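# Remarks on the overall topology
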Amino acid sequence: MKLITHNFLTSNIIKGVKNGYPLGILPAKVEVKDVEFNPAFITRMLPKVDWVALQKAAKECGYGEGLPDAIKDELMEDTDFLKKVHNALMEVEVIEGKLVCPESGREFPINNGVPNMLLNEDEV
Amino acid sequence: MRFFCTAGRGTEIFACQEVRKEFNLCSDLVPKSEGKVYFQGNVNQIERILQLKTVERAFALVLHVDSNKYKDLDRATFLNNLRTDILNEDSWKNEDLKSVIEYLKSRHGGILQREGIPEGGEGPPSKKIKQERKLSFRVSCKCSGVLGRKVTAQLLAKQIGIKLSQLMRWNVNFKDPDIEICIQVNDVHVSVGIPLTRVPLSKRDYVKCHGLRGPVTWIMSNLLEIKNPSVILDPMCGKATILLEAAKQIEGVFCIGCDISDDQLKSAQENIDFGKVHDRLQLIKGDCRALPLTNESVDGIVCDTPFGKKYSVKESSTAFHASLLQEMYRVLKRNETVVLLVSEEMHHCIKNAGNSFQPCVHPGQNQIIQGQEDCIQLNEDIENHCFVLGDQSKQSLGIQTDKANINFSDTLVSDTKNSCEKSILPLPPQIRTYPLPNELYAHATEKALQSDTSSSDLKDSKLTDKCDELTYSLKSIGNCEDVKCDDLERGVTDLSSALEQFKHVSDHYIKLGETNSYIVVLKKP
């Protein structure tokens with residue numbers, strides 16, 4: 001599971017959970033996979049991404065260094081910054097671990113890089 | 001040099017568009033017939049022809065004769081003339097054809113070498129021998145229709161094979177020929193073509209676990225009309241074949257595939273690894289009726305919805321589709337598109353619930369006949385396989401109603417009944433012809449459409465009586481699912497209201513194997 005995917009995930013499907021975002025990450029196995037850097041892609045995806053959630057997720061996986069708290073417009077031109085974003089967003093992968101709902105504490109397992117978001121009967 | 005491509009029923013229009021665009025040809029230069037698209041090209045364009053995405057197979061056309069030529073002949077004369085025509089020297093010794101054949105031969109030889117046995121010093125010399133060897137070929141024949149029945153396919157193939165090898169000094173090789181000659185005899189035409197590839201172009205070489213055919217996945221991905229980097233979701237991705245095609249063919253997409261089954265996800269992962277798109281396609285395990293995604297988070301949705309044939313779902317089809325559509329609506333951004341592949345029955349429900357679709361009224365009559373809408377659909381289908389709604393709907397409907405024949409619509413009403421029953425009730429065959437489901441469905445749709453001209457048949461009291469009858473019948477049969485009348489009706493209304501939130505953009509009929517299906521494009525306003 002890449003952090004870009006994590007950025008879209010929520011546990012609001014659980015009965016009683018209002019927001020369920022962002023999900024916490026308890027990583028057990030993290031890998032970094034090489035992905036070709038495409039600055040245009042990053043600059044255009046950034047507006048779609050929740051920055052705070054990304055930063056938090058990156059920190060939880062141990063790759064949060066160098067990611068500022070807020071994005072200023074000038075930073076979008078900075079290739080080094082974009083590369084760091086690219087790394088966090090596209091290259092860091094949680095292979096084994098857990099996602100945690102911020103409201104209920106319910107854990108969703110991640111196996112072989114795929115998060116299991118299926119709920120039990122009573123949670124729907 | 002004439003070429004032709006085969007295309008699945010319904011996809012011919014897309015194939016035409018692609019060929020015209022790729023080779024810059026105007027529409028009259030790209031005629032099409034059922035399942036085929038023809039165009040003029042030259043041997044240098046073969047590489048590009050092989051890149052076409054919407055076609056099944058591509059052929060070099062050797063001979064094309066209208067079947068009318070043979071229509072009134074007796075069998076012996078017909079076969080004689082057929083053989084003479086096919087073996088016409090001029091066609092085979094044509095320079096353009098020769099260059100195409102040479103090209104195919106060299107490609108075949110080349111492939112053999114690459115995959116070939118790496119025998120030490122035998123490399124260069126054997127290459128030389130290969131280039132000078134004779135061309136090998138085999139003939140296959142497909143016959144259908146009245147004319148086709150006069151021919152024994154295998155015999156014809158054999159006869160042509162023998163004569164052709166004498167005429168052209170080629171070798172016959174059944175197992176691994178350089179070229180294959182495909183003869184097709186049917187009531188429209190007799191054609192002889194040489195396929196440009198062994199494996200159909202529609203079978204994508206970057207897919208490991210095949211699902212939907214390449215052309216269909218490509219057409220669906222393209223209908224999304226992605227312009228900027230977009231996040232595309234497939235809530236029932238299965239082996240992720242649609243997303244794989246999008247990831248491979250479209251720039252700047254990031255795809256999320258969701259599926260409930262471990263087995264499917266495993267195949268999807270294999271496809272991602274084989275296709276090398278792990279940077280553009282990610283998987284999650286989840287239920288499409290409860291997507292773990294934030295509201296308005298994705299830029300496009302593409303989905304092959306269950307037809308109820310291969311992969312079944314527990315609840316009724318309408319209730320399932322209602323939840324699915326509701327979730328799709330929730331996670332999709334405004335002004336963005338959903339492209340769905342639906343069964344004939346589901347397409348019917350969509351057509352009759354859409355709010356941009358104006359219910360038509362036949363001049364001189366005040367009631368809405370359920371089948372009337374099908375009338376229009378059928379007329380338009382016949383004219384062009386594509387159905388576009390919107391502002392023009394009222395006008396085009398007006399025109400169509402004049403053409404519509406009242407008798408025509410009667411048969412359609414009963415057809416509608418049958419298809420509705422199939423989609424709403426998972427019933428055992430005995431009860432199939434029971435008229436109730438259609439009325440329930442019509443009743444629900446009528447509420448949804450909020451029209452003030454209503455069919456006099458739909459009165460509440462009559463409906464409840466029939467409902468009780470149905471429940472009673474269902475219970476007495478005993479072996480059918482425990483589907484209550486209320487649930488049915490609710491399922492249909494839920495589906496209608498879920499659908500109404502979308503704007504119905506367009507409709508495309510395609511045939512998948514033996515199944516009629518539709519690609520439906522919806523937009524969230």
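These numbers come from a predicted model, not from an experiment. (Residues numbered from 1 in each chain as written. Chains lettered and ligands numbered in written order. Predicted model: local features only at pLDDT ≥ 70, side-chain atom pairs only at ≥ 80, totals over all residues. Heavy atoms only, no water.)

## Some words on the overall build of chain B
Per the secondary structure count, chain B includes 19 helices and 16 strands. The buried share of chain B, taken over its 525 residues, is 53%. As displayed, chain B offers around 25000 Å² of accessible surface, 48% of which is attributable to carbon and sulfur atoms. (Helix = DSSP H or I, 4+ residues; strand = E, 2+ residues; numbered from the N terminus. Buried < 20%, exposed > 50% of the residue type's maximum accessible area, 1.4 Å probe, protein only. Areas by Shrake-Rupley, 256 points an atom, 1.4 Å probe, with all protein chains shown as cover.)

## Comments concerning the packing of aromatic side chains
Residue and element names in this part refer to chain B. Inspection of the entire model under this criterion finds 10 aromatic pairs over all chains. Measuring from centroid to centroid gives 6.1 Å for Trp92 and Trp170, while their planes differ by 85°, and the two rings are edge-to-face. Here Trp92, found in helix 4 (residues 89-92), pairs with Trp170, found in the loop between helix 8 (153-168) and strand 6 (171-172); they are 78 residues apart in sequence, far enough to count as distant. No difference in accessibility class separates Trp92 from Trp170, as the two residues are buried. For the ring pair Tyr329 and Phe502, a centre distance of 5.4 Å and an interplane angle of 85° mean the geometry is edge-to-face. One end of the pair, Tyr329, is in helix 12 (residues 317-331); the other, Phe502, is in the loop between helix 19 (485-500) and strand 15 (503-512), with 173 residues separating them in the sequence. Pairwise contacts between aromatic rings join Phe3, Phe23 and Phe39 into one cluster. (Phe/Tyr/Trp six-rings, centres within 6.5 Å; stacked < 30°, edge-to-face > 60°.)

## Thoughts on helix 11 (residues 262-275) of chain B
In this model helix 11 of chain B runs 20 Å from its N-terminal to its C-terminal C-alpha over 14 residues, within 8% of the 20 Å that 1.5 Å per residue would give. All of the buried residues along helix 11 of chain B are B:Gln264, B:Leu265, B:Ser267, B:Ala268, B:Asn271, B:Ile272 and B:Gly275. Each buried residue of helix 11 of chain B sits inside an arc of 160° when the element is viewed along its axis, so together they form one side. Away from the buried face of helix 11 of chain B by more than 90 degrees, exposed residues B:Asp263 and B:Lys266 are located. Against the buried residues of helix 11 of chain B lie strand 4 (114-115) of chain A together with helix 10 (241-249), strand 10 (253-259) and strand 11 (281-285) of chain B. If you check the start of helix 11 of chain B, you find a side-chain oxygen 3.3 Å away from the backbone N of B:Asp263, and it comes from B:Ser261. After helix 11 of chain B finishes, the residue B:Lys276 shows a positive phi value of roughly 55°. (Expected span 1.5 Å × (residues − 1). Arc of directions from axis to C-beta. Contact = heavy atoms within 4.5 Å. Polar contact = N/O pair within 3.5 Å; in protein donor to acceptor, adjacent residues only side chain to side chain.)

## A few points about the interface of chain B and chain A
In this assembly, 29 residues from chain B lie in contact with 24 residues from chain A. Here chain B packs against chain A, burying approximately 2100 Å² in sum over the two surfaces, 68% of which is carbon and sulfur. Counting every contact that joins chain B to chain A gives 1 salt bridge. At the boundary of chain B and chain A, one finds 8 residue pairs in polar contact (both at pLDDT 80 or more). Only strand 9 (230-234), strand 10, helix 11 and strand 11 of chain B provide two or more residues apiece to the side of chain B that touches chain A. Here the element with the most residues in the side of chain B that touches chain A is strand 11 of chain B; it accounts for 4 residues. Residues that form the side of chain B that touches chain A fall into these classes: 13 nonpolar, 10 polar and 6 charged. (Buried area = accessible area lost by both parts, 1.4 Å probe. Salt bridge = Lys/Arg side-chain N within 4 Å of Asp/Glu carboxyl O. Nonpolar A, V, L, I, M, F, W, Y, C, P; charged D, E, K, R; others polar.)

## Some details on the nonpolar core
In terms of nonpolar packing, the biggest core is built from 71 residues, with A:Leu99 and B:Leu325 touching the most fellow members. Among residues more than four places away in sequence, those in contact with A:Leu99 are A:Met1, A:His6, A:Leu9, A:Leu23, A:Gly24, A:Ile25, A:Arg106, A:Glu107, A:Phe108, A:Ile110, A:Pro115 and A:Met117. In this structure, B:Phe3, B:Phe23, B:Val151 and B:Val190 belong to the second largest nonpolar core, which totals 55 residues. (Core = buried A, V, L, I, M, F, W, Y, C linked by side-chain atoms within 4.5 Å.)

## Things to note about the packing of helix 9 (residues 214-223) of chain B against helix 10 of chain B
All names here are of chain B. Contact geometry of helix 9 with helix 10 gives a least axis separation of 9 Å together with a crossing angle of 65°. Between helix 9 and helix 10, the angle falls in the class roughly perpendicular. When the axes of helix 9 and helix 10 are compared, the crossing they make is right-handed. Seen from helix 9, the contacting residues are Gly214, Thr217, Trp218, Met220 and Ser221; seen from helix 10, they are Thr241, Ile242, Glu245, Ala246 and Gln249. Among the residues making up the contact of helix 9 with helix 10, the classes are represented as 4 nonpolar, 5 polar and 1 charged. (Axes fitted to C-alpha atoms, helices over the stretch in contact; angles between N-to-C directions. Parallel < 35°, antiparallel > 145°, perpendicular 65-115°, else oblique. Left-handed = near helix turned anticlockwise from the far one by under 90°.)

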